[in-house]
Amino acid sequence: MYSKIILNIFICSILILNNFHHQYLDKKENVTIFTGKTMGTYWQVKIPNLKNKIYIKTLIEKCLYEDEKMLSSWEKNSLVSKFNKLKKNQLQIINKNFYHIISSAMKINKKTNGKLDITISRLINIWGFGIKKKPTSFPSSKTIKKNLSLSGTQHLKLIKNFFGFYLTKDIDDIEINLSTFGEGFAVDHLSYTLKKNGINNYTISVGGTVLVKLKKYEEKPKIIAIQKPIDQKKSIHLLIYLKNNAISTAGTYRNYYYLKKHRISHLINANTGRPITHNLVSVSVISLTALEADSWDTGLLILGFKKAKKLALKEELAVCLITKEKNVFSTWTSPKFQNFLVH
Ligand SMILES: Cc1cc2nc3c(=O)[nH]c(=O)nc-3n(C[C@H](O)[C@H](O)[C@H](O)COP(=O)(O)OP(=O)(O)OC[C@H]3O[C@@H](n4cnc5c(N)ncnc54)[C@H](O)[C@@H]3O)c2cc1C
């Protein structure tokens, strides 16, 4: 089946563009493609029949610059870094967008029984996936326990009142890391900005998150390929249609390292403070907004196959789970995800 589709696509003289976890399969058209680096990854925006190219490119770069300044753990003066330096009970003034991201994070934290947790920044650093170098020996149980005790969303408080939006904490040393939400937020921000400027037809991707927006009268959705969860080369695992939706994919197959022959994943189980080791290797979520898709994918991946499947069904999410056992991949798709599959 796939070979037929791929052959058709090939005959149509297809432009294949890659991002972190997906490929876009489009017919050649008068499309402007902007690309660049942001948030330690790559972004791309494709807009057909664009006139004011320089203005729009500047606008896109400004948005991404602002998002990075707000969300980065690597920027000393970002909103995240400023909050991390606060003492307990001090109020950090935040904006509406930041409030929205933290609210999303809190929601997924509850739904995943605390496994996705933006307050495990210290543990992310200890395992070498934040601002610190990768460790050369295993962090001790004592270190992990101590840093687990300095985490937990119950220590954060979001405040929204007549005067504005605020974030505060009830212990000094709690730190947040919003790396898993940055890409989704940036994609929605770009989409909002393009729409505000009268552009209603575009594909945006930042890292593993893609959003497709088509004009209402356009019938044909875009075909997006989810890549096989392997790190050596890019190949197609399955194809989906996307039209006014976003897809986000989280995977364990690219961002890892070996420590004394143990594979260390960049995803930390916030209940144990240790990297995940189970066989769920890729989770894709389709949703109306990129932030929602990006919020769910990592949370579900950390949960592991059984719990992720149960939660996806309970929440009626459009989800594709890929597990790997002895180099054999198995794919499960939720009923809602099946509506997007290219057959
Ligand atoms: C604004 C911003 C700026 C960045 N700047 C840099 C940079 O300058 N240099 C650099 O190397 N990287 C940077 N990054 C991070 C880098 O690009 C990350 O690899 C990326 O954000 C993670 O996205 P992902 O799609 O790979 O993985 P996702 O699955 O979306 O997220 C995984 C990341 O979430 C965090 N995480 C792990 N476990 C949990 C958990 N249980 N709960 C919550 N979070 C968890 C970890 O940081 C992990 O890498 C930046 C990220 C953002 C958002």
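Just above, that's the structure.
Residues numbered from 1 in each chain as written. Predicted model: local features only at pLDDT ≥ 70, side-chain atom pairs only at ≥ 80, totals over all residues. Heavy atoms only, no water.

**Some details on the side chain of T38**
Argument step 1. Residue position: T38 is located in strand β3 (residues 31-38).
Argument step 2. With a relative accessible area of 4%, T38 lands in the buried category.
Argument step 3. Excluding its chain neighbours within four sequence positions, the residues that come into contact with T38 are W43, L64, E68 and V206. (Helix = DSSP H or I, 4+ residues; strand = E, 2+ residues; numbered from the N terminus. Buried < 20%, exposed > 50% of the residue type's maximum accessible area, 1.4 Å probe, protein only. Contact = heavy atoms within 4.5 Å.)

**So, the packing of aromatic side chains**
Argument step 1. Enumeration according to the criterion identifies five aromatic pairs in this entry.
Argument step 2. Ring centres of W127 and F138 lie 6.4 Å apart, and the angle between their planes is 75°; on these two criteria the pair is classed as edge-to-face. Taken together, the residues span a long stretch of sequence, with W127 in the loop between α5 (121-126) and α6 (141-149) and F138 in the loop between α5 and α6 at a distance of 11 residues.
Argument step 3. Note on F138: relative accessible area 36%, which makes it partly exposed.
Argument step 4. Pairing F129 with Y257 gives two aromatic rings, centres 5.4 Å apart and planes at 40°, and the pair type is tilted. One end of the pair, F129, is in the loop between α5 and α6; the other, Y257, is in strand β13 (residues 256-259), and 128 residues separate them in sequence. Considered together, F129 and Y257 belong to a single accessibility category, that of buried residues. (Phe/Tyr/Trp six-rings, centres within 6.5 Å; stacked < 30°, edge-to-face > 60°.)

**Here we look at the pairing of strand β14 (residues 262-265)**
Moving residue by residue along a regular strand, the side chains alternate between the two faces of the sheet.
Argument step 1. Pairing between β13 and β14: four bridges, direction antiparallel. Bridged to Y257 within β14 is I264.
Argument step 2. Turn length for the β13-β14 hairpin, with the two strands adjacent in sequence and antiparallel, is two residues, and the turn residue K260 shows positive phi of about 45°. (Pairing = 2+ DSSP bridges.)

**Overview of the sheet that holds strand β5 (residues 92-94)**
Argument step 1. The three strands are arranged β5-β7-β6 in an open sheet whose pairing can be described as antiparallel. Each edge of the open sheet carries a strand with a single partner, namely β5 and β6 (156-161). If you compare each strand with its neighbour and ignore which way they point, the axes differ by 30° on average.
Argument step 2. Bridge count for β5 against strand β7 (residues 164-169) is three bridges, and the pairing is antiparallel. Residue pairing in the sheet places I94 in a bridge with F165 of β7. (Axes fitted to C-alpha atoms, helices over the stretch in contact; angles between N-to-C directions.)

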